[in-house]
Amino acid sequence: MAHDLALGERRADAARDTRRHRITVCTTCRDPETRERPGADLIETLNAALAENGLAHVSVEGAACMAGCSRPCTVAYQADGKASYLFGDIEPERDVETLVAFARQYGELEDGWCSSLQRPDGLKGKTLARMPALPAFDPGSPGRGTGA
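Because the structure is a prediction, the values reported are computed rather than measured.

About the thresholds
Residues numbered from 1 in each chain as written. Predicted model: local features only at pLDDT ≥ 70, side-chain atom pairs only at ≥ 80, totals over all residues. Heavy atoms only, no water. Pairing = 2+ DSSP bridges. Helix = DSSP H or I, 4+ residues; strand = E, 2+ residues; numbered from the N terminus. Axes fitted to C-alpha atoms, helices over the stretch in contact; angles between N-to-C directions. Contact = heavy atoms within 4.5 Å. Phe/Tyr/Trp six-rings, centres within 6.5 Å; stacked < 30°, edge-to-face > 60°. Buried < 20%, exposed > 50% of the residue type's maximum accessible area, 1.4 Å probe, protein only. Parallel < 35°, antiparallel > 145°, perpendicular 65-115°, else oblique. Left-handed = near helix turned anticlockwise from the far one by under 90°. Nonpolar A, V, L, I, M, F, W, Y, C, P; charged D, E, K, R; others polar. 1 Å grid on protein atoms, 1.4 Å probe; cavity = no way out; pocket = protein on both sides within 12 Å on 5 of 7 lines; lining within 4 Å. Points joined across faces, edges and corners; volume = space filled by probe spheres on them.

(A) View of the sheet that holds strand β1 (residues 21–26). Reading across from one edge, β2-β1-β3-β4-β5 is the order of the five strands in this open sheet, with mixed pairing throughout. In the strand order of this sheet, the two ends are held by β2 (59–63) and β5 (127–131), each with one partner. Averaged over all neighbouring strand pairs, the angle between strand axes comes to 20°, with direction disregarded. Pairing of β1 with β2 involves five bridges; the strand directions are parallel. In the strand pairing of β2, Val25 is matched with Gly62. The strands touched by helix α2 (residues 92–108) within the sheet are β1, β3 (75–79) and β4 (84–87), with β3 carrying the most contacts at an inclination of about 20°.

(B) Broad picture of the packing of aromatic side chains. In total, this model carries eight aromatic pairs according to the counting rule given. Ring geometry for Tyr77 against Tyr106: centres 6.0 Å apart, planes inclined by 70°, an arrangement best described as edge-to-face. With a gap of 29 residues between them, Tyr77 in strand β3 and Tyr106 in helix α2 connect regions that are remote in the sequence. The pair Tyr77 / Tyr106 is uniform in exposure class, with both members buried. Both rings, one in Tyr85 and one in Phe87, keep their centres 5.9 Å apart while their planes meet at 5°; by these two values the pair is stacked. A single burial state applies to Tyr85 and to Phe87, both of which are buried.

(C) Looking closely at the packing of helix α1 (residues 39–52) against α2. Where α1 meets α2, the axes come as close as 10 Å, and the angle between the chain directions of the two elements is 45°. Regarding the angle of α1 to α2, the classification is oblique. Of the two possible hands of crossing, α1 and α2 adopt the one that is right-handed. When α1 is examined against α2, the residues Leu42, Thr45, Leu46, Ala49 and Leu50 are found in contact with a partner set consisting of Pro92, Val96, Leu99, Val100 and Ala103. Tallied by class, residues from the contact of α1 with α2 come to nine nonpolar, one polar and no charged.

(D) Local environment of empty space enclosed by the protein. Applying the stated criterion across every chain, the model contains one cavity of 30 Å³ or more. Taken as a whole, the largest cavity spans an internal volume of roughly 40 Å³. As for the largest cavity, its lining consists of His21, Arg22, Ile23, Val58, Tyr77, Gln78, Ala103 and Tyr106. Only β1, β3 and α2 provide two or more residues apiece to the lining of the largest cavity. Element by element, the count of residues in the lining of the largest cavity is highest for β1, at three residues. The class makeup of the residues in the lining of the largest cavity is five nonpolar, two polar and one charged.

Here it is in C-alpha cells:
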C-alpha cells in the first residue's frame, strides 16, 4: 500500500481495524533520575487506559531491551501490514493519555503512515524510528533463497 505523508490514510469505514495491533514497552529502560524501571508499571497502566477507552483489543507487551537506552522509556507500535513506530523519552506518569491517543489514531490509519505533525502533541520530538511494513510473505516469489 502506498502511504500519504501529508495527510495519512484513514480507514474509509469507521469499523475497528481487525488486524492484530501491539504496543511493546521496554522493561529494562531506567528513569535517568530515579534509576527505577517504569516499564512494568507502564504496561499495567496502559492496559487499563486502553480498556477504558474502548481499545482493549490492542495488546500491550514488554520486551527486555529495545535499544533506546539513551532515550528511556521506549515504546513501540506495530500491526500487521502497517508501518511500525518506536518512541523514546516517554514519561509514564505524563504520557499515558498521549499513548492511548496514538493507539486510536494508529488503528485508524490504513497503512500506519502519518507525519510527525499529525501525531499527538505529547509525541512530538519523541520518534526514534518509523519502519515500513513488511510485505506479505510469498514463499514462491523470486529472490527467495532456494538453498542451492
